[in-house]
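Architecture at a glance
Read off the chains here:
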Amino acid sequence: MNPETVTVADKTFKMMISAETISTRIKVLGEQINQDFADQKPVLIGILNGCFLFMADLVKEINIPCEIAFMKVSSYHGGMESKRVITEDYDLKMDVSGRNLIVVEDIVDTGNTMRFISDKLAARNPASVNVAALLYKPDAMEQDLELKYVAFEIENKFVVGYGLDYKGLGRNLNEIYQVVL
Ligand code: IMP
């Protein structure tokens, strides 16, 4: 039995999306990607750190040939406020020209991070750039971005678990929890 509430650092969070619901939804996204990218050998680009569990579970549902790569950017720096300044910590090490790219991100909040990443990738002449986001907060979105695969649309409240952190903690929770204010 998983707890209904958890304490992460100095805040309380309540259960929002169960591990089972996450898993069921990721299977559906995987099937869609299998259909949409059959014979295209897409490159899945995980955005660290938050993507690590989502990326692992998503690629397990993908049964077409694909490659895996990672980038690392920082925008939150551990707190609950999104930063306007995005820092690039680790760039892609592969040539992506002519390739179909699927950016795998834990959450699209203001969309500023995804804009930064999409623009950076688009400048390298890929065949296409698509986005797979575990979570999307439509009410926080500030960018005009197409999000092709979204597992869950959520309200504009801070969440932790399943790869997402608060002050560096909570990434190891199997479920997604929402802050209790
Ligand atoms: P954006 O640039 O505002 O879209 O923020 C994207 C990044 O901020 C994500 O990749 C997360 O690392 C982080 N982030 C945004 N919302 C949350 C949240 O509710 N919990 C934990 N991290 C978040």
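In short, a report on the structure. Along each chain, residues carry numbers from 1 onward, in the same order as the chain's sequence is written. Two thresholds apply to this predicted model, a pLDDT of at least 70 for residue-level local features and 80 or more for giving and counting side-chain atom pairs, whereas whole-chain, interface and lining totals are computed over all residues. Hydrogen atoms and water are omitted, and side-chain values are computed over all heavy atoms in the structure.

Points about the packing of aromatic side chains
Note on aromatic pairs: the rings of Phe, Tyr and Trp (six-membered ring only in Trp) are paired at centre separations within 6.5 Å, and the planes decide the class, stacked below 30 degrees, edge-to-face beyond 60, tilted for the rest. Enumeration over the complete set of coordinates arrives at three aromatic pairs. Throughout this description, the term charge over a ring refers to an Arg CZ or Lys NZ atom that lies within 6 Å of the ring centre and within 35 degrees of the ring normal. Above the plane of the ring of Tyr 90 lies Lys 93, whose end atom (NZ or CZ) is 4.7 Å from the centre.

Quick notes on the nonpolar core
Burial of nonpolar side chains together is a common tendency in soluble globular proteins. What we call a nonpolar core is a set of buried Ala, Val, Leu, Ile, Met, Phe, Trp, Tyr and Cys residues that are connected through their side-chain atoms within 4.5 Å. Burial classification: accessible surface area is computed with a 1.4 Å probe over protein chains only, and a residue below 20% of its type maximum counts as buried, one above 50% as exposed, and the rest as partly exposed. Core analysis: the largest hydrophobic core is formed by 27 residues, its most contacted members being Leu 58, Leu 134 and Leu 135. By the criteria applied, helices consist of DSSP H or I runs no shorter than four residues and strands consist of E runs no shorter than two, each listed in order from the N terminus. At the level of secondary structure, the elements contributing two or more residues to this core comprise helix 1 (19-36), helix 2 (52-60), strand 6 (100-108), strand 7 (128-136) and strand 8 (149-153). At four residues, helix 1 tops the list of elements feeding residues into this core. Note on definitions: a residue-residue contact is assigned when non-hydrogen atoms from the two residues lie within 4.5 Å. Those residues in contact with Leu 135 that lie beyond four places of it in its chain are Ile 17, Asp 106, Ile 107, Val 108, Phe 152, Ile 154, Val 159, Leu 164 and Ile 176.

So, a nonpolar patch on the surface
A grouping of Ile 68, Phe 70 and Tyr 90 is seen on the molecular surface, where their side chains present a nonpolar patch of about 250 Å² in accessible area. Among the secondary structure elements, Phe 70 is positioned in strand 4 (residues 67-74). Taking relative accessible area as the criterion, Phe 70 reaches 31% and is therefore assigned partly exposed. Here a patch means residues that are over 30% exposed by relative accessible area and free of salt bridges, tied together within 9 Å if like-charged and within 5 Å if nonpolar (Val, Leu, Ile, Met, Phe, Trp, Tyr). To be clear on the numbers: accessible area is Shrake-Rupley with a 1.4 Å probe, and residue cover counts the displayed protein chains and nothing else. Counted as salt bridges are all cases of a side-chain nitrogen of Lys or Arg within 4 Å of a carboxyl oxygen of Asp or Glu.

Points about the sheet that holds strand 4
The strand order 5-4-3-6-7-8 describes an open sheet built from six strands, whose pairing is mixed. Every other strand in the sheet has two partners, leaving strand 5 (87-90) and strand 8 as the edge strands with one partner each. With strand direction ignored, the average angle separating the axes of adjacent strands in the sheet is 25°. Here, a strand pair is defined by DSSP locating no fewer than two bridges between the strands. Pairing of strand 3 (residues 43-48) with strand 4 involves six bridges; the strand directions are parallel. In the strand pairing of strand 4, Ile 45 is matched with Ala 69. Every axis in this analysis is a line fitted to C-alpha atoms, fitted for helices over the stretch in contact. Angles between the N-to-C directions lie between 0 and 180 degrees. Along the sheet, helix 1 makes contact with strand 6, strand 7 and strand 8, crossing strand 8 at roughly 160°. The sheet contacts of helix 2 involve strand 3, strand 4, strand 6 and strand 7, and relative to strand 3 the element is tilted by about 160°.

So, the side chain of Ser 128
One can find Ser 128 in strand 7. Identification of polar contacts relies on pairs of N or O atoms within 3.5 Å, with a donor-acceptor requirement for protein atoms, meaning one able to donate a hydrogen and the other able to accept it, and with residues adjacent in sequence counted only if both atoms are side-chain atoms. Here the side chain of Ser 128 touches Asn 100 through a polar contact of 2.6 Å, side chain to side chain.

A short note on the pairing of strand 4
Look down the strands so they point away from you; if going from the first strand over the helix to the second traces a clockwise path, that crossover is right-handed. For the crossover that starts at strand 3, traverses helix 2 and ends in the parallel strand 4, the hand is right-handed. Across three bridges, the pairing between strand 4 and strand 5 is antiparallel. Within the sheet, the bridge partner assigned to Lys 72 lies in strand 5 and is Tyr 90.

What about the environment of Val 43?
Within the secondary structure, Val 43 sits in strand 3. Since its relative accessible area comes to 0%, Val 43 is described here as buried. What Val 43 contacts, discounting residues up to four positions off in sequence, is Glu 67, Ala 69, Met 94, Arg 99, Asn 100, Leu 101 and Ile 102.

Worth remembering: the numbers are spatial, not functional.
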